[in-house]
Amino acid sequence: MVLLLIGLLLCHYVADFCLTWPALIRSKADGRNIRPILMHAGVHAVLMGGCLLVYGVSARQLLILTLFELITHFLVDTAKAQVSVRFPLLADVKQKAYWMLFGLDQLLHQLVVVAIWYAAAV
């Protein structure tokens with residue numbers, strides 16, 4: 001059970017920090033084009049879905065949990081991009097406010113990961 005949580009956390013890390021591309025970075029910075037953010041959320045859903053599949057969750061549970069990851073990741077990242085555009089202070093990496101928003105973004109994602117783990121483990 002703990003291995004599943006570690007696997008899901010690793011999937012989040014890989015999708016969020018290793019599998020990024022320039023268009024995604026621009027979309028997260030300017031909030032104009034949401035297609036790369038949707039694709040990014042899809043990467044998250046596929047990786048976590050693979051992890052859940054290896055763990056042996058039912059097909060129904062796999063569908064529900066991967067859709068939950070896709071939707072929540074997209075909403076959190078899109079909201080963060082929109083907030084950053086409206087409040088330039090939050091987009092400046094030299095400002096504490098940027099890092100507070102970044103931390104909140106990651107906290108929300110991690111809470112989703114824990115919720116998925118809990119739902120799969122029960």
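The structure this text deals with has already been given above.
None of these values were measured; they are calculated from a predicted model.

Thresholds applied
- The residue numbering used here restarts from 1 in each chain and proceeds along that chain's sequence as written.
- With pLDDT at 70 or above as the cut-off, local features in this predicted model cover only qualifying residues; side-chain atom pairs require 80 or more to be listed or tallied, and sums for whole chains, interfaces and linings still use all residues.
- Note that the side-chain values use all heavy atoms of the structure and ignore hydrogens as well as water.
- The numbering of helices and of strands both runs from the N terminus, where a helix is a DSSP run of H or I of at least 4 residues and a strand a run of E of at least 2.
- Each residue's exposure class comes from its accessible area (1.4 Å probe, protein chains only) as a fraction of the maximum for that residue type: buried when under 20%, exposed when over 50%, partly exposed otherwise.
- Residue contacts are counted whenever heavy atoms from the two residues lie within 4.5 Å of one another.
- The method behind every accessible area is Shrake-Rupley, applied with a 1.4 Å probe, and residues are considered shielded solely by the protein chains displayed.

Enquirer: Sorry if this is basic, but what is going on with the overall build of the protein chain here?
Expert: Tallying secondary structure elements over the protein chain gives five helices and zero strands in all. Listed N to C, the secondary structure of the protein chain is α-α-α-α-α in terms of helices and strands. The principal-axis extents of the C-alpha atoms in the protein chain amount to approximately 45 × 25 × 20 Å. Buried residues in the protein chain amount to 39% of all 122 residues. A separation threshold of at least 6 residues defines the contact pool for the protein chain, and within that pool the share at least 24 residues apart is 73%. In the form shown here, the protein chain has an accessible surface area of approximately 7300 Å², with 74% of it arising from carbon and sulfur atoms.

Enquirer: For this particular structure, what's the right way to read the environment of Thr66?
Expert: Relative to the assigned elements, Thr66 resides in helix α4 (residues 59-86). Its relative accessible area of 15% is what places Thr66 among the buried residues. Along the backbone, Thr66 and Met48 are 18 residues apart, and their C-alpha atoms lie at a distance of 6.9 Å. Excluding residues within four positions of it along the chain, Thr66 makes contact with Ala45 and Gly49.

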